[in-house]
Amino acid sequence: MLIPTLKTDRLLLKPLVSKDALQIQKLYPRWEIVRYMVSSVPWPFPDNGAAHYVNNIALPAMAKGHAWVWTIRHRDNPDNLIGLICLDEAEDNNRGFWLVPEYQGQGLMREASIAATDYWFNALNKPVLRAPKAAENIRSQHISASSGMRLIKTEKKQFVSGLLDSELWEITRDEWNAHHSS
């Protein structure tokens, strides 16, 4: 299945391609972005970290139909990547995202998240979406809560910044569509 470009009022979500690794490598390795990532993310981030992720993890998973990864870009500046959002069939880890700090606090990730989550439910026809997050990641919590998700589990997990409380948020397709019907 070909992954489409998703459009919102302000954003273009373009499917990840190999050349995106160059911009990701410049933007991603910042403490404000990585501190709440799972501990498998290498830190300090290696010089080839983005190329390894894009070419050896993300693109092969996309080719197999197990993951859907988009770069996040402003519609009025489509050549510049400002973040990433991904959907994945992994158990209890179906959506993840990051946005460069300069663009946070403007509702852009919420906008991207709505587009990607709607694709999960209404294009891929998945029954449930679960999103884990560090409990300290208040902005991510707000995105989940405002979209109708509910907290279903808490536990301790290792993140780049250490052992933290972790939360698992969930929403079903029926709940999503009832919450987001116009």
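Everything below is about the structure printed above this text.
Since the structure is predicted, the reported quantities are computational estimates derived from the model, not experimental observations.

Looking now at the sheet that holds strand β8 (residues 162-172). Within the open sheet, the 3 strands sit side by side as β6-β8-β7. Their pairing is antiparallel. Among the strands making up the open sheet, the edge pair consists of β6 (128-134) and β7 (150-159). Across this sheet, the average inter-strand angle for adjacent strands is 25 degrees, counted without regard to direction. Bridge count between β6 and β8: 7 bridges; the pairing is antiparallel. Directly across from Arg130, in β8, lies its bridge partner Glu170. In the packing of helix α4 (residues 108-122) onto the sheet, the strands contacted are β6 and β8, and the crossing angle to β6 comes to about 145 degrees.

The next thing to look at is the packing of aromatic side chains. Scanning the entire structure with this criterion turns up 6 aromatic pairs. With 5.3 Å between their ring centres and 85 degrees between their planes, Trp70 and Tyr119 make a pair best called edge-to-face. On the criterion of sequence distance, the pair formed by Trp70 in strand β3 (residues 67-74) and Tyr119 in helix α4 is long-range, its members being 49 residues apart. For the pair formed by Trp70 and Tyr119, the shared burial category is buried. Taken together, the ring pairs in this structure connect Tyr28, Phe45 and Trp98 into an aromatic cluster. Cation over ring: Lys126 sits above Trp120, and NZ or CZ is 5.6 Å from the ring centre.

Further remarks concern unusual backbone geometry. Glycine aside, residues mostly have negative phi, and peptide bonds are mostly found in the trans state. Here the amide bond leading from Trp43 into Pro44 is cis, since omega sits at 0 degrees, within 30 degrees of zero. Although it is not a glycine, Asp92 adopts a positive phi angle of roughly 60 degrees. By the element assignment, Asp92 lies in the loop between β4 (81-88) and β5 (95-99). Taking the relative accessible area as the measure of exposure, Asp92 reaches 24% and is therefore partly exposed. Phi is positive for Asn125, which is not a glycine, with a value near 60 degrees. Within the secondary structure layout, Asn125 lies in the loop between α4 and β6. The class for Asn125 is exposed, based on a relative accessible area of 51%.

Thresholds, definitions, all that
Residues numbered from 1 in each chain as written. Predicted model: local features only at pLDDT ≥ 70, side-chain atom pairs only at ≥ 80, totals over all residues. Heavy atoms only, no water. Pairing = 2+ DSSP bridges. Helix = DSSP H or I, 4+ residues; strand = E, 2+ residues; numbered from the N terminus. Axes fitted to C-alpha atoms, helices over the stretch in contact; angles between N-to-C directions. Contact = heavy atoms within 4.5 Å. Phe/Tyr/Trp six-rings, centres within 6.5 Å; stacked < 30°, edge-to-face > 60°. Buried < 20%, exposed > 50% of the residue type's maximum accessible area, 1.4 Å probe, protein only. Lys NZ or Arg CZ within 6 Å of the ring centre and 35° of its normal.

So far we have only geometry, and geometry alone does not tell us how the molecule works.
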